[in-house]
Amino acid sequence: MARNGFGGDAKKQLKGVDFQVERISRRGFLQTIGYRDDKNHFNDLELSLIGDFQVQNTALAISACLQHASNRGKVLSEQSVKSGLISTCWEGRMEVVSR
């Protein structure tokens, strides 16, 4: 079971599917995480959203997308997940506007 690096247990469950997330590093406003479930293991996923809670939110979003794809007989590639995460932005909320 992964530790999330900020005092909590990172093991979660979505509709009977266990998944884990771990923050690997944080550099400035970029976080790198690892995600694992029974069928997938993604390393070095770069997350452009800031905030410790975004690691947990991202794991839930990945799990939901993987489940949705599976229910439709499709495969969600690691590259698609990486591309989606790095391009995700939430303008005006938790956004750095100057430094």
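Structural data are supplied above this passage.
Each value, and the rule that gives it
Residues numbered from 1 in each chain as written. Predicted model: local features only at pLDDT ≥ 70, side-chain atom pairs only at ≥ 80, totals over all residues. Heavy atoms only, no water. Helix = DSSP H or I, 4+ residues; strand = E, 2+ residues; numbered from the N terminus. Polar contact = N/O pair within 3.5 Å; in protein donor to acceptor, adjacent residues only side chain to side chain. Expected span 1.5 Å × (residues − 1). Buried < 20%, exposed > 50% of the residue type's maximum accessible area, 1.4 Å probe, protein only. Pairing = 2+ DSSP bridges. Salt bridge = Lys/Arg side-chain N within 4 Å of Asp/Glu carboxyl O. Phe/Tyr/Trp six-rings, centres within 6.5 Å; stacked < 30°, edge-to-face > 60°.

Visitor: Is there a simple way to explain the side chain of Arg23 in this structure?
Guide: Looking at where Arg23 falls in the secondary structure, it is placed in strand E2 (residues 17–27). Here the side chain of Arg23 touches Gln31 through a polar contact of 2.9 Å, side chain to side chain. At a separation of 2.9 Å, a polar atom in the side chain of Arg23 contacts the side chain of Asp52.

Visitor: Quick question: what am I supposed to make of helix H1 (residues 53–71) here?
Guide: One full turn of an α-helix is made of 3.6 residues, so residues set three or four places apart face in the same direction. Its 19 residues place the ends of H1 27 Å apart at the C-alpha level, agreeing with the 27 Å of an ideal helix rising 1.5 Å per residue. Those residues of H1 not exposed but buried are Gln54, Val55, Gln56, Thr58, Ala59, Ile62, Ser63, Leu66 and Ala69. Gly73, located one to two residues past H1, shows a positive phi value of around 75°.

Visitor: Would you mind going over the environment of Glu22 with me for this structure?
Guide: You can see Glu22 is positioned in strand E2. A relative accessible area of 40% places Glu22 in the partly exposed class. Each C-alpha atom of the pair Glu22 and Gly34 lies 5.2 Å from the other, and the pair is twelve residues apart in sequence.

Visitor: In this structure, what is going on with the pairing of strand E4 (residues 41–47)? I would like to understand it.
Guide: Two faces, one strand: in a regular strand the side chains alternate between the faces of the sheet. Pairing of strand E3 (residues 30–37) with E4, which is carried by five bridges, proceeds in the antiparallel orientation. In the sheet register, Gln31 faces E4, and the bridge partner there is Leu47.

Visitor: Hey, could you run me through the pairing of E3 in this one?
Guide: Most of E3 is tucked away, with six of its eight residues classed as buried. Counting the residues in the hairpin turn of E3 and E4 gives three residues.

Visitor: Is there a simple way to explain the pattern of salt bridges in this structure?
Guide: As a working rule, side chains carrying opposite charge can pair if their charged atoms are close by. Taken as a whole and judged by the stated rule, the model has four salt bridges. The residue Glu46 makes a salt bridge to Arg27 at a minimum N-O spacing of 3.4 Å. Here Arg27 lies in strand E2 and Glu46 lies in strand E4, a separation of 19 residues in the sequence. We classify Glu46 as partly exposed; its relative accessible area is 31%. With relative accessibility at 44%, the residue Arg27 sits in the partly exposed group. Between Lys82 and Glu78 there is a salt bridge whose closest N-O contact spans 3.7 Å. Of this pair, Lys82 and Glu78 are both found in helix H2 (residues 78–87), four residues apart, which corresponds to roughly one turn of the helix.

Visitor: I keep staring at the packing of aromatic side chains and nothing clicks. Help me out?
Guide: For any pair of aromatic rings, the description consists of the separation of the ring centres together with the inter-plane angle of the planes. Counting across every chain of the model gives two aromatic pairs. A ring pair is formed by Phe19 and Tyr35, whose centres lie 6.0 Å apart and whose planes are at 25°; its orientation type is stacked. Remark: Tyr35 occurs in strand E3 and Phe19 occurs in strand E2; sequence separation between them is 16 residues. Just as Phe19 is buried, Tyr35 falls in that class too. Connected via pairs of aromatic rings, a cluster forms that spans Phe19, Tyr35 and Phe42.

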